[in-house]
Amino acid sequence: MTADPTDPGVPGISVLGTAQRAAWLDRTLPPVERLPGGLWSVPVPIPDNPLRYTLCYLVPGDDGIVVVDPGWNTREGWDTLLAGLAEAGATTADVTGIVATHVHPDHHGLSGRLREESGAWVAMHPAERDTLPQRIAVAASRNSLPTAGGWLRLSGAEEDEIAELVSPLDESATADDRAAMAEPDVLLEDGDLVPMAGRRLRAVWTPGHTPGHLCLQEPDARLLLTGDHVLPRITPNIGLYPNSADSPLGRFLESLERVGEYDDHDALPAHEYRFRGLAARTRLLREHHEERCREVVAVVAGLGEPTVWEVARHLTWSRPWERIGRMRFGALAETGAHIDHLVRRGELAWRHGENGSPIRVRSTT
Ligand SMILES: [Zn+2]
């Protein structure tokens, strides 16, 4: 396998998926490729999204194929997945299992259809099952979690900003009108082996991006399927939402440290391209969040007792705040995750408002 000595954009990592990287830079779809250990990588397109594709992995065993992250549920996505299976000399009849690293639609979207066509089981971590959209909707109504508008209001957004971001549809969403996604048949806890003959594929629980995110280790070929936990260039969104598990950023940082120990494994991410250098990449991501924490502390100190919305507005983003649009949801959640982490470290403190007024945050020093 040829590897660029270094990726000029990312210090400390070497590119293994050179065709994938070339396609990434050319804005085209990379080829289906056979990988070490006999795995296959199949890029499945994501409609209208700058990520462009999900790298679905086919993992052959003695009794059939396990498909990891089949991709976004569109007709084109389905056809691409079938073509990928054909290139690997297989059909849906050979698929015995499906593993979702997490339940975001660009990973888990096609799991239901693939299960229907193949009779395969679907597997995920139990904490991820609990975040399936149909389960979140039920849990949210039971625990009377705030709606999107209520959440923005508590974060300190003005009414006109809330109206701009939230459509009446979001507010009336119930368990019935949210798209249900495939429930798992098999639950994988940390350290569990994926049920398949002739190959070891081990679940490594890496909460952070989502509460039940899984990486998968193939120890014999020294591969780590990293899902969205570690990508070569992009930083995954780590957000604090009303239904978040405890301390998403703290968990993510711990999960990064864990995965950094697989430095002698090839990293097979769900987007962009394959690479080597998990120790360097995870160190860089940890440093990025530490820098972001320093910026949040400085912004809070400068503003006195701001709302989360005010902190988010004053942070630097890849685009000016005015042009972020609906991505403000993610930006706000990410700001909340950093504040939550700093509160747990004792550097900031929450001040809960009275009578539904916004939550504020202050320095403790
Ligand atoms: Zn993804």
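The rules behind each value
- Residues numbered from 1 in each chain as written.
- Predicted model: local features only at pLDDT ≥ 70, side-chain atom pairs only at ≥ 80, totals over all residues.
- Heavy atoms only, no water.
- Donors = N, O, S within 2.8 Å, 3.2 Å for Na, K, Ca; no water.
- Tetrahedral: all angles 85-135°; square planar, octahedral: opposite > 155°, others 65-115°.
- Pairing = 2+ DSSP bridges.
- Helix = DSSP H or I, 4+ residues; strand = E, 2+ residues; numbered from the N terminus.
- Core = buried A, V, L, I, M, F, W, Y, C linked by side-chain atoms within 4.5 Å.
- Buried < 20%, exposed > 50% of the residue type's maximum accessible area, 1.4 Å probe, protein only.
- pLDDT = per-residue confidence, 0-100.
- Contact = heavy atoms within 4.5 Å.
- Salt bridge = Lys/Arg side-chain N within 4 Å of Asp/Glu carboxyl O.

## Considerations on the coordination of the zinc ion
Then comes step 1: Here the zinc ion is held by Asp-106 (OD), His-107 (NE2), Asp-228 (OD) and His-271 (NE2), and the distances to it run 2.0 to 2.3 Å.
Then comes step 2: Around the zinc ion sit 4 donor atoms; with metal-centred angles ranging over 87 to 155°, the donor geometry is irregular.

## Quick notes on the sheet that holds strand 1 (residues 14-15)
Then comes step 1: Strand order in the open sheet formed by 6 strands is 1-13-12-11-10-9, and the pairing between neighbours is mixed. In the strand order of this sheet, the two ends are held by strand 1 and strand 9 (202-205), each with one partner.
Then comes step 2: Sheet analysis places strand 1 next to strand 13 (residues 275-276), joined by 2 bridges and oriented antiparallel. What sits directly across from Ser-14, in strand 13, is Arg-276.

## Re the nonpolar core
Then comes step 1: Counting 43 residues, the largest nonpolar core has Leu-152, Leu-278, Val-296 and Val-311 as its most contacted members.
Then comes step 2: Going through the elements one at a time, helix 7 (148-155), helix 8 (159-165), helix 10 (248-259), helix 11 (278-303), helix 12 (308-314) and helix 13 (328-344) are the ones with two or more residues in this core.
Then comes step 3: With 7 residues, helix 13 is the largest single contributor of residues to this core.
Then comes step 4: Among the nonpolar cores identified, the runner-up in size contains 25 residues, and Val-59, Val-99, Val-194 and Leu-268 belong to it.

## As for the confidence of the model for the protein
Then comes step 1: Averaged over all residues, the pLDDT of the protein equals 91, while 94% of them reach at least 70.
Then comes step 2: In this model residues 1-6 is a low-confidence stretch, pLDDT under 50, and it forms 15 contacts with partners more than four residues away in sequence or in other chains.
Then comes step 3: For residues 173-177, every residue scores under 50 in pLDDT, and the model assigns this stretch 5 contacts once sequence neighbours within four places are set aside.

## Some thoughts on the pattern of salt bridges
Then comes step 1: The full count for this structure, using the stated rule, is 19 salt bridges.
Then comes step 2: Here Asp-190 ties to Arg-258 by a salt bridge, and the two come within 3.1 Å at their closest N and O atoms. Placement of Asp-190 in the loop between strand 8 (186-187) and strand 9 and of Arg-258 in helix 10 is noted, with a sequence separation of 68 residues between them.
Then comes step 3: Residue Arg-258 is classed as partly exposed on the basis of its relative accessible area of 32%.

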